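Given next are the chains, with one letter for each unit.
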Amino acid sequence: MRSPKDFFRPLALGAPQPVREIPFRPSRALHFFDPGNPKMAAKVPDLVTQVDVLVGNLEDAIPADRKEVAREGLVEIGKNTDFGDAQLWTRMNSLDSPWALDDLLTLVPAIGHKLDVVIVPKVEGAQDIHYVDRLLAQLEAKAGLERPILVHAILETATGVANVEEIAGASPRMQGISLGPADLAASRRMKTTRVGGGHPGYLVRTDPVGEDITAGRQTYQQDLWHYTVARMVDACAANGILPYYGPFGDIRDTVGCEDQFRNAFLLGCVGAWSLHPAQIKIAKKVFSPSPEDVAWARRVIREMGDGTGTVMIDGKMQDDATVKQCRVVAELADQLAARDPELAEAYAQAQKD
Ligand SMILES: CC(C)(COP(=O)(O)OP(=O)(O)OC[C@H]1O[C@@H](n2cnc3c(N)ncnc32)[C@H](O)[C@@H]1OP(=O)(O)O)[C@@H](O)C(=O)NCCC(=O)NCCSC(=O)C[C@](C)(O)C(=O)O
Ligand SMILES: [Mg+2]
């Protein structure tokens, strides 16, 4: 471990100064696309106006014989696209793959000035982040970049989950962590065959009533991801970085996707991945607090005055702790509204009603 005094020192001579706080920028939908797929690449100019973050994916879902094409496609897109308010991220190949090194050696000099975040898959511990941290610093120095590229880890191995706190605090570059439910399920030997979402077999059942152990017993499906998401949220919040749900693979099931995303939102996540254009609006809707909740939060803040003591509003007790929760909602709403005029209008309207 570096000493606390050295934590914010650049890791290479001439590399940009590390950030002291992760800037909040809307990142409700991290939209994945294959930069080597001409049909998807053609949609990028349109997507930059719809998504908060475009993620040029180089890792899983890109066939082995298309890795270079995808990387070169991302360079072209990075060079030729005006991203406006949207961010450009990439998911590099995993550190044990034959492509990881070339991903960084190619992308940083070519489009490092446009690249906001590098997603590192299958992170197992702080050592993986330290490796990327030093290499990025060297490449940034060589390319003369003026701001550091941030790093986002995917939590998709059992070892990674066991080490999530040290991963979250491994570098000032750490921007956030996403759940990677598909690889994580395999790594844990879970018996699911899906990308995220629930499973009908993971349930609790009400107690038997009388002699017949089958009669009248309700079952309730449980959330397979609750433990991991909650642990990830705590690790991120404790280290001042941002948690994300990750992907929901059943593209057709827009209802189940919305529910899974909302669970993550309520637990503290700030966004999720969209794998298909149909999931973009779900993520943007779910990860923007509702106008009614924002209006309520502002009312509590107003009526709580200096934020201490108690007041009753509509029969509900408010105190120092509820006003803090309301500030979380109201501040998020302000930050999102600053970049989303439609949302700003909806929040203003709810305030008047
Ligand atoms: C699911 C797929 C195959 C369905 O693709 P499709 O072509 O069958 O769908 P479609 O409904 O027919 O597509 C309609 C149109 O939208 C386009 N399109 C479709 N998707 C996109 C997209 N994402 N971005 C931009 N455009 C897209 C598509 O090309 C088509 O264009 P067209 O109208 O001109 O013909 C396709 O959407 C896709 O490949 N999505 C990305 C998949 C991906 O990135 N997977 C990896 C992330 S999840 C993961 O890695 C797990 C994790 C974290 O690692 C772990 O849990 O372990
Ligand atoms: Mg994966």
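Per chain, the residues get numbers from 1 upward, laid out in the order the sequence is written. Throughout, the order in which chains and ligands are written sets their labels, letters from A for the former and numbers from 1 for the latter. The model is predicted, so local features are restricted to residues of pLDDT at least 70 and side-chain atom pairs to those at 80 or more, both for listing and for counting; the totals for chains, interfaces and linings are taken over all residues. No hydrogens and no water enter the side-chain calculation; it runs on all heavy atoms of the structure.

A.B. asks: Before we go on, may I ask you to explain the overall build of the protein chain in this structure?
C.D. replies: Secondary structure elements are defined from DSSP: runs of H or I of at least 4 residues count as helices, runs of E of at least 2 residues count as strands, and each element is numbered from the N terminus. The helix and strand tally for the protein chain stands at 14 helices and 12 strands. Here the globule rule reads 2.2 Å times residues to the power 0.38, and the radius of gyration is calculated from C-alpha atoms. A compact globule built from 353 residues would reach a C-alpha radius of gyration of about 20 Å, and the protein chain, at 22 Å, matches this within 12%. Principal-axis analysis of the C-alpha atoms gives the protein chain an extent of 65 × 55 × 45 Å. Here the protein chain holds 353 residues, and the buried ones make up 47% of them. Two residues form a contact once any of their heavy atoms are found within 4.5 Å. Within the protein chain, contacts between residues separated by at least 24 positions form 71% of all contacts whose residues are at least 6 apart in sequence. Of note, the protein chain has its 39 positive side-chain charges centred 2 Å away from the centre of its 48 negative side-chain charges. Summary of the burial criterion: residues with accessible area below 20% of their type's maximum are buried, those above 50% are exposed, and those between are partly exposed, where the area comes from a 1.4 Å probe applied to protein chains only. Counting rule for charge: Lys and Arg are taken as positive, Asp and Glu as negative, and neither His nor the chain ends is counted. For charged residues, the charge sits on one atom: NZ in Lys, CZ in Arg, CG in Asp, CD in Glu.

A.B. asks: What is the right way to look at the site of ligand 1 in this model?
C.D. replies: If even one non-hydrogen atom of a residue comes within 4 Å of a molecule or strand, that residue is called near it. Residues in contact with ligand 1 amount to 21 residues; listed here are only the nearest, Phe32, Lys43, Ala182, Leu275 and His276. Contacts to ligand 1 include His31, whose side-chain N or O atom sits 2.9 Å from a nitrogen atom. Definition of a polar contact: a pair of N or O atoms within 3.5 Å, with one able to donate and the other able to accept a hydrogen when the atoms are protein atoms, and with sequence-neighbouring residues admitted only if both atoms are side-chain atoms. A distance of 2.8 Å separates an oxygen atom of ligand 1 from a polar atom in the backbone of Asp183. In this description, accessible areas are obtained by the Shrake-Rupley approach with a 1.4 Å probe, and a residue is regarded as covered only by the protein chains that are shown. Protein chains shield 66% of the accessible area of ligand 1, which is 1100 Å² for the free molecule. Note on definitions: the grid is 1 Å and covers protein atoms alone; a cavity is a set of points where a 1.4 Å probe fits but cannot get out; a pocket is an open set with protein on both sides within 12 Å along at least five of seven lines; lining residues have an atom within 4 Å of a point. Being in a pocket or cavity means that more than half of the molecule's atoms lie within 2 Å of its grid points. Assessed atom by atom at 2 Å from the grid points, ligand 1 resides in the second largest pocket.

A.B. asks: Would you mind showing me how to read the pairing of strand E1 (residues 29-33) here?
C.D. replies: Regular strands show a simple pattern: their side chains alternate between the two faces of the sheet. Across the five residues of E1, five count as buried, placing the element largely inside the fold. Both E1 and strand E10 (residues 272-274) contribute to a ladder of three bridges, which runs parallel. Bridging from a neighbouring strand, His31 pairs with Ser274 of E10. If DSSP finds at least two bridges between two strands, the strands pair. In this structure, E1 lies alongside strand E2 (residues 53-57), joined through four bridges in parallel fashion. Paired with Phe33 across the two strands is Gly56, which belongs to E2.

A.B. asks: Help me understand the coordination of the magnesium ion (ligand 2) in this model?
C.D. replies: For a metal bound by four donors in a tetrahedral arrangement, the ideal donor-metal-donor angle is 109.5 degrees, while six donors in an octahedral arrangement ideally sit at 90 or 180 degrees. Only Glu156 (OE) and Asp183 (OD) from the protein coordinate the magnesium ion (ligand 2), and they sit 2.0 to 2.2 Å from it. Placement of Glu156 in the loop between strand E5 (150-155) and helix H6 (158-162) and of Asp183 in helix H8 (residues 181-188) is noted, with a sequence separation of 27 residues between them. Sites may look incomplete because water is not among the atoms; the donors themselves are N, O and S atoms within 2.8 Å of the metal, or within 3.2 Å for Na, K and Ca.

A.B. asks: Is there a simple way to think about the domain arrangement of the protein chain in this case?
C.D. replies: Often the size quoted for an interface is simply the accessible area lost on bringing the parts together. If you check the domain split of the protein chain, you get domain 1 (4-287) and domain 2 (292-352). Each domain's extent was defined by an automatic or database domain assignment. Computed over C-alpha atoms only, the centres of domain 1 and domain 2 are separated by 29 Å. Facing eight residues of domain 1, the contacting portion of domain 2 comprises six residues. Two parts placed together each lose some accessible area under a 1.4 Å probe, and adding up what both lose gives the buried area. Of the roughly 640 Å² buried at the junction of domain 1 and domain 2 (both faces included), carbon and sulfur atoms supply 60%.

A.B. asks: Could you clarify how one ought to interpret the sheet that holds strand E4 (residues 115-120) in this entry?
C.D. replies: The strands making up a sheet associate through backbone hydrogen bonding, with each pair oriented either parallel or antiparallel. Across the sheet, which stays open at both edges, the eight strands sit in the order E9-E6-E5-E4-E3-E2-E1-E10 with parallel pairing between neighbours. The open sheet is flanked by strand E9 (242-244) and E10, the only strands paired with a single partner. Within this sheet the neighbouring strands show an average axis-to-axis angle of 25°, counted without direction. Relative to the sheet, helix H3 (residues 67-80) contacts E1, E2 and strand E3 (87-91), its axis offset from that of E3 by approximately 170°. Note on geometry: axes are lines fitted to C-alpha atoms, helical ones only across the stretch in contact, with angles between N-to-C directions running from 0 to 180 degrees. Sheet strands touched by helix H9 (residues 226-238): E5, strand E6 (174-179) and E9. Its angle to E6, the strand with the most contacts, is close to 175°.

A.B. asks: Help me understand the pattern of salt bridges, please; the structure alone is not making it clear to me.
C.D. replies: Any two side chains of opposite charge can pair, so long as their charged atoms come close to each other. We define a salt bridge as a contact between a side-chain nitrogen of Lys or Arg and a carboxyl oxygen of Asp or Glu at a distance within 4 Å. On inspection of all chains with the given rule, the structure shows 19 salt bridges. For Arg262, the salt bridge is made with Glu258, and the minimal N-O distance between the two is 3.0 Å. One end of the pair, Arg262, and the other, Glu258, are both in helix H10 (residues 254-267), four residues apart, so they sit about a helical turn from each other. You can call Glu258 buried: its relative accessible area is 18%. A salt bridge links Glu303 to Arg299; the nearest nitrogen and oxygen atoms lie 3.2 Å apart.

A.B. asks: Any chance you could explain the side chain of Thr192 here in plain terms?
C.D. replies: Secondary-structure assignment places Thr192 in the loop between H8 and strand E7 (203-205). Among residues more than four places away in sequence, those in contact with Thr192 are Ala185, His199 and Leu224.

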